[in-house]
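Single-letter residue listing:
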Amino acid sequence: MRVYVPLTLPGLAEAHEAGELGPGPLTAYAVTPGLREWYVSDDIEELEYAALNRAAAASLRLLARAVDAPRRRVVVAVDVPDQDAVADPDEVLDASALGEVRIARAVPLTRAAAVHADADDAVDDVSAAVDALGAADHGDDDAQFVVDGAEDHELLWFGVQEIPAIVG
């Protein structure tokens, strides 16, 4: 199963140095039954893109807690055995947890298929989105508009061998 692990640039640097994403448990995003039902699609590429976007939103939340981290969302796509990615059955249709899975233990970086990260031109919008998250979570429509502005930036695709350049 392809899962999308949200990170920050310092988190990616740590994973690269350690050779693994972890320690577990890890929160990741994948094409789960709940995600399929929510998006009402059978197109696996469309569903994987939705899971990637859910992970990008989670990366934004990680940035809100990592005040010194560069304001670029990072998501690592990794392949894990199906049984290793477990969705919480109580939250299958909870919109805030769509596609969310837990991986109990660290995942070797050798299982990574790609890294997705914001380009430098997204930094201002991502920074503004991080600053607006709290107000958006409390129902402020203007703040939500700012948060959504970060989503206007597509994450770039990088090969795993490019991680040193990304974090450097």
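Scroll up to find the structure this text is about.
Keep in mind the model is a prediction, meaning the values are calculated, not measured.

**Q** Go over the packing of helix H4 (residues 123-137) against helix H5 (residues 141-151), please, and point to the residues and values.
**A** Where H4 contacts H5, the two axes come as close as 7 Å, and the packing angle between them is 145°. In terms of crossing hand, the pair formed by H4 and H5 is left-handed. Between H4 and H5, the residues in contact are Asp 125, Val 126, Ala 128, Ala 129, Ala 132, Leu 133, Ala 135 and Ala 136 and Ala 143, Gln 144, Val 146, Val 147, Gly 149 and Ala 150, respectively. By residue class, the composition of the contact of H4 with H5 is eleven nonpolar, two polar and one charged.

**Q** An account of the sheet that holds strand E8 (residues 112-117) is requested, with residue identities and associated values reported.
**A** Strands sit in the order E5-E6-E3-E1-E4-E8-E9 across an open sheet of seven strands; the sheet is antiparallel. With one partner strand each, in any of the chains shown, strand E5 (85-86) and strand E9 (156-158) form the two edges of the open sheet. Relative to strand E6 (residues 100-103), strand E3 (residues 26-30) runs antiparallel, the two being bridged by four bridges. What sits directly across from Thr 27, in E6, is Arg 102. Where helix H3 (residues 44-65) meets the sheet, it contacts strand E1 (2-7), E3, strand E4 (74-79) and E8, and its direction lies at approximately 20° from that of E1.

**Q** Report on the packing of H3 against H4, specifying residues and quantitative values.
**A** Axes are the key here: two packed helices are described by the angle between their axes and the distance separating the axes. Viewed as axis vectors pointing N to C, H3 and H4 meet at an angle of 90°, and their least axial separation amounts to 9 Å. Considered as vectors, H3 and H4 are oriented roughly perpendicular to each other. Residues Leu 60, Arg 61, Leu 63 and Ala 64 of H3 lie in contact with H4, whose contacting residues are Val 126, Ala 129, Val 130, Leu 133 and Asp 137.

Conventions adopted
- Residues numbered from 1 in each chain as written.
- Predicted model: local features only at pLDDT ≥ 70, side-chain atom pairs only at ≥ 80, totals over all residues.
- Heavy atoms only, no water.
- Axes fitted to C-alpha atoms, helices over the stretch in contact; angles between N-to-C directions.
- Helix = DSSP H or I, 4+ residues; strand = E, 2+ residues; numbered from the N terminus.
- Left-handed = near helix turned anticlockwise from the far one by under 90°.
- Contact = heavy atoms within 4.5 Å.
- Nonpolar A, V, L, I, M, F, W, Y, C, P; charged D, E, K, R; others polar.
- Pairing = 2+ DSSP bridges.
- Parallel < 35°, antiparallel > 145°, perpendicular 65-115°, else oblique.

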